[in-house]
Structures are given as structure tokens and as C-alpha cells.
Amino acid sequence: MLNQSEICRLLKTIVNLSIQGDINFRHLSQGITNESYWLVIDDKEYVLKIHNPDTDRLGLNRENEIQILTFLKPFDLCPETIFYSPEHNFTLSHWLPGKIWHNQELQHPPALLQLAQKLKQLHGMPCDNLPEIDLLKRLQHYRMMIQKRHGKLPGTELKVLTSAHKLLASLQQILPSCLCHNDLISANILSNNQNLYFLDWEYAAVNNPLFELAVITQGNQLSETNQQYFLEQYFGDKKAFFDNNYAVYCWFYQYLSLLWTLVIIPKENPLPENLD
């Protein structure tokens, strides 16, 4: 955890921020990818994120993230980034007042409708020259990191990998790729009276929107009824046309999430023998 003098040094010497009074701050969270602080500087509120330098194993690319955040700046979809330093591993953004969602919010139709509408706004943006993601390469990267960290993979993993390749290869590209957040769990959604915002864009990239929908429904453990309602709000009367491909992406997301979980298991802890 940083203290006040360390935060002041970061902001004055690296950001070159003029600070007239005291800095008030509160530690917000210590996660796998970031350590976050809420700051008040001269009556203005900010979020300081210190990036974990050991996140290459998770497949993160901070330069890609800041490129996407810069692109999104005019669209009122996320907090505005004021400063980014890849050399010093931190970002400074404006603080957005509002409520961070929990899974309970995603159990109510009005929230699902609002999310579907905001998602269509994101997915409808031009995405030329923005970073793309290759899901199979991401999967292979996680496997390599698990092997490197633990010296082996779970016994049944290769069989599952073969199925993943076959399933994705069998899919036709029935929807155009688009800019996706790729990690829209409830903790990365904030709402206030004016808008709905998406937070933590580390995994954002151009991707198949069906994967994004799978992240939302599976990552937030939506009931079958809520899944169907959400998909209907997103697709309208064309939903049935995408059902089979959506089901494949749900399975793939669950597999990718499991590998992500294995990547972050400490070296000293044993891996599970099987993938259940």
C-alpha cells in the first residue's frame, strides 16, 4: 500500500500535477491486476491504479488498453483517463460517482435492458485499427503460463483443448467482430442517474460479440430466464438465429475462465488433476 507522500511524489514528479492543498486518499482494492486508490486533490476526485507488473501471464497488454480508452474518450462509456505511464505502471483517471453493480442488479429486467442497450452502443462503434484478440491464442497463452508455473497441466486438459479447437473452428462468422469489453462482470459496471459505465478495460479488444454475451451471462451466473430475456433485448426477434453459436461461446468462456483461475494459483499449491 502507498502512503500519502508516495502518492504525492507520483503525481508531482511523474504526472507533473500542480497540487495546492492536501491530498485525501482511501485505499479501494487490491486485486490480481491493479491496486486502486480514491483521491481528492484540490476538490477534484480521481482514481489512481497501480498496475501489477506480473500480469503478462494473464495476457494483458496495457498499451492496447490505453489505446482503446483514448478512443472511447468522447463516447461517455468509461471514466476519462488523465495520465498513463507504462514505464511506471500506473494510470490516473477521473472518479465517476455512482453505484458499482453486484450480481443482484443483474437479476432484474430493467437492469438487463439497460445493459443490453449500452452494450449495443459499444458494439456498434467503428473498430478499425483497434487491437484484436485471438481467443485460441489467449487459451494457448494460459496453458503455457500454467505449464511454466506448475510444470504440468491437469490430466484431462488436452482433451478439453482439442474440443475447444474443433468447436470454434466449426463456427461460422455470422456476426461482424466489434469492440468488446470482454470482462463485463457486475463489479465492472457502474450506474448513476445519468448513465451506465464500464470499468476496468484491461481485456478489451475487437472480438466476436457472442463471446461478450457469454461473459455477461455466464460470468454473472444469470438464470436461464434472465439469460433469455437479456439476449432478446440485445438481438430482438433474431435471437434464435444465434442460439447455437452462443452456446458454444458459453462453453468456451467457461473453459477459458477455468484456465485463468489455474494461472493465478500460487506455485506452491497443487493443480487439480482433472477439469470438471
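Nothing here was measured: the structure is a model prediction, and the numbers come from that model.

Reading the values: the criteria
Residues numbered from 1 in each chain as written. Predicted model: local features only at pLDDT ≥ 70, side-chain atom pairs only at ≥ 80, totals over all residues. Heavy atoms only, no water. Helix = DSSP H or I, 4+ residues; strand = E, 2+ residues; numbered from the N terminus. Contact = heavy atoms within 4.5 Å. Pairing = 2+ DSSP bridges. Axes fitted to C-alpha atoms, helices over the stretch in contact; angles between N-to-C directions. 1 Å grid on protein atoms, 1.4 Å probe; cavity = no way out; pocket = protein on both sides within 12 Å on 5 of 7 lines; lining within 4 Å. Points joined across faces, edges and corners; volume = space filled by probe spheres on them. Nonpolar A, V, L, I, M, F, W, Y, C, P; charged D, E, K, R; others polar. Core = buried A, V, L, I, M, F, W, Y, C linked by side-chain atoms within 4.5 Å. Buried < 20%, exposed > 50% of the residue type's maximum accessible area, 1.4 Å probe, protein only.

### Some thoughts on the environment of Phe25
Argument step 1. In this structure, Phe25 sits in strand β1 (residues 23-30).
Argument step 2. With 21 residues separating them along the chain, Phe25 and Tyr46 place their C-alpha atoms 9.3 Å apart.
Argument step 3. Those residues in contact with Phe25, other than ones at most four positions away along the chain, are Leu2, Asn3, Gln4, Ile7, Tyr37, Trp38 and Leu39.

### What to know about the sheet that holds strand β8 (residues 189-191)
Argument step 1. In spatial order, the strands read β6-β8-β9; together these three strands make up an open sheet with antiparallel pairing. If you trace the sheet from one side to the other, it starts and ends with β6 (99-100) and β9 (196-198), each paired once.
Argument step 2. As paired strands, β6 and β8 are joined by two bridges and run antiparallel to one another. Each residue of the ladder has a partner; that of Lys99, found in β8, is Ser191.
Argument step 3. Sitting on the sheet, helix α3 (residues 109-123) touches β8 and β9, and the angle it makes with β9 is about 55°.

### Notes on the layout of surface pockets
Argument step 1. Of the pockets and cavities examined, the largest pocket occupies roughly 1200 Å³.
Argument step 2. In terms of lining, the largest pocket is formed by 47 residues, of which the most central are Asp183, Asn188, Leu199, Asp200 and Glu202.
Argument step 3. Counting residues per element, the ones that place at least two in the lining of the largest pocket are β1, β2 (34-41), β3 (44-51), α2 (62-72), β5 (90-94), α4 (135-150), α6 (209-219) and α8 (239-263).
Argument step 4. Here the element with the most residues in the lining of the largest pocket is α8; it accounts for five residues.
Argument step 5. Looking at the lining of the largest pocket residue by residue, the classes come out as 23 nonpolar, 18 polar and six charged.
Argument step 6. Approximately 280 Å³ is the volume attributed to the second largest pocket.

### Describing the nonpolar core
Argument step 1. Formed by 68 residues in total, the largest nonpolar core has its most connected members in Leu72, Leu115, Phe198, Trp201, Leu213 and Phe230.
Argument step 2. No other element matches α8, which puts 12 residues into this core.
Argument step 3. If we skip the residues at most four places from it in the chain, Phe198 touches Leu77, Cys78, Pro79, Leu115, Lys118, Leu119, Leu122, His181, Leu184, Asn188 and Ile189.
Argument step 4. If you look at the next biggest cluster of nonpolar residues, it comprises 14 residues, including Val15, Ile19, Ile23 and Ile41.

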